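Close look at the chain arrangement
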Amino acid sequence: MVYGLHETLEVHELSAFKTVCLTKSKTMQALISDPTLKAILQQDVDLSTRQLQELGTLLDQAISQEVKS
């Protein structure tokens, strides 16, 4: 699949936002004593990590596409 520059930039923006969210969730886990809330934050950390890996794969594909062009 061929990605446009604007699509690549949007994926980069999403990656930056998800990284901030992941950092916040990990930081908040250390400050919270409620086990239910900690579990919710851990689920968010796990999901955000997977999503960042997927976004990273898309960015790698877009970069390799640009190099070939």
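Read on for a plain summary of the structure. (Residues numbered from 1 in each chain as written. Predicted model: local features only at pLDDT ≥ 70, side-chain atom pairs only at ≥ 80, totals over all residues. Heavy atoms only, no water.)

What about the side chain of Ser48?
- Tracing the sequence through the fold places Ser48 in helix α2 (residues 35–68).
- Not counting residues within four places of it along the chain, the set of residues in contact with Ser48 comprises Lys18 and Leu22. (Helix = DSSP H or I, 4+ residues; strand = E, 2+ residues; numbered from the N terminus. Contact = heavy atoms within 4.5 Å.)

Concerning the environment of Val45
- On the secondary structure map, Val45 appears in helix α2.
- Note on Val45: relative accessible area 6%, which makes it buried.
- Spatially, the C-alpha atoms of Val45 and Tyr3 are 28 Å apart, while their sequence positions differ by 42 residues. (Buried < 20%, exposed > 50% of the residue type's maximum accessible area, 1.4 Å probe, protein only.)

Focus: the environment of Glu7
- Following the sequence through the fold, Glu7 ends up in helix α1 (residues 5–31).
- Judged by relative accessible area, which is 33%, Glu7 ranks as partly exposed.
- In this structure, the C-alpha to C-alpha distance between Glu7 and Leu59, residues 52 residues apart in sequence, is 9.7 Å.

Some words on α1
- For α1, built from 27 residues, the straight-helix expectation of 39 Å at 1.5 Å per residue is met to within 8% by its first-to-last C-alpha distance of 40 Å.
- Listed as buried for α1 are Val11, Ser15, Lys18, Leu22, Ser25 and Gln29.
- Buried residues along α1 sit in contact with α2. (Expected span 1.5 Å × (residues − 1).)

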